[in-house]
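# Chain and residue survey
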Amino acid sequence: MPLFALICTDKPDHEPLRKSTRDAHLAYLNGTGSTVFAGPFLDNGTMTGSLVVIDVADKAAAESWAANDPYALAGLFASVRIEEWKKVIG
């Protein structure tokens, strides 16, 4: 299956929302079986977004996966970009 990178940017001043939904988000990432790797973007130690790489059937599946992330359901993100991604190194 192809890999997709989700590049997510938080809404300004939404760190409390991120922290309150973090456990559900991590459970989703660990529970779907699709997550290759993931982690937050940081600005001086403050989480400001996410990079998640998932292994799913196609872009429609990636869009569905992203829409069901607890962070997305909580309204954390100002934007989510989904790009097919090819691992070359690492």
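This text follows the structure it describes.
In this report, the structure presented in the accompanying data block is examined. (Residues numbered from 1 in each chain as written. Predicted model: local features only at pLDDT ≥ 70, side-chain atom pairs only at ≥ 80, totals over all residues. Heavy atoms only, no water.)

Across its full length, the protein chain holds three helices and four strands. Helices and strands appear in the protein chain in the N-to-C order β-α-β-β-α-α-β. Expected size for 90 residues packed as a compact globule is a radius of gyration near 12 Å; at 13 Å, the protein chain falls within 12% of this value. The buried share among the 90 residues of the protein chain stands at 31%. Within the protein chain, residue pairs in contact and separated by at least 24 positions form 71% of the contacts whose partners lie at least 6 positions apart. Averaged over its 8 positive side-chain charges, the protein chain has a centre that lies 4 Å from the centre of its 11 negative ones. (Helix = DSSP H or I, 4+ residues; strand = E, 2+ residues; numbered from the N terminus. Rg over C-alpha atoms; globule rule 2.2 N^0.38 Å. Buried < 20%, exposed > 50% of the residue type's maximum accessible area, 1.4 Å probe, protein only. Contact = heavy atoms within 4.5 Å. Lys, Arg positive; Asp, Glu negative; His and termini not counted. Charge placed at Lys NZ, Arg CZ, Asp CG, Glu CD.)

With that out of the way, let us pick up the nonpolar core. By size, the foremost hydrophobic cluster in this structure holds 15 residues, and its most contacted members are Phe 4, Leu 6, Ile 54, Ala 62, Trp 65 and Ile 82. Apart from residues lying up to four places away in sequence, Leu 6 is in contact with Ser 50, Leu 51, Val 52, Ile 54, Trp 65, Ala 66, Arg 81 and Ile 82. (Core = buried A, V, L, I, M, F, W, Y, C linked by side-chain atoms within 4.5 Å.)

Here we come to the packing of aromatic side chains. What the rule picks out here adds up to three aromatic pairs. Ring centres of Tyr 28 and Trp 65 lie 4.9 Å apart, and the angle between their planes is 45°; this geometry places the pair in the tilted category. Residue Tyr 28 is located in helix α1 (residues 15–31), and its partner Trp 65 is located in helix α2 (residues 59–67); the two are separated by 37 residues in the primary sequence. Trp 65 matches Tyr 28 in its accessibility class, with the two residues each being buried. On the basis of an interplanar angle of 80° and a centroid distance of 5.8 Å, the ring pair of Phe 37 and Trp 85 is categorised as edge-to-face. One end of the pair, Phe 37, is in strand β2 (residues 35–43); the other, Trp 85, is in strand β4 (residues 77–85), and 48 residues separate them in sequence. (Phe/Tyr/Trp six-rings, centres within 6.5 Å; stacked < 30°, edge-to-face > 60°.)

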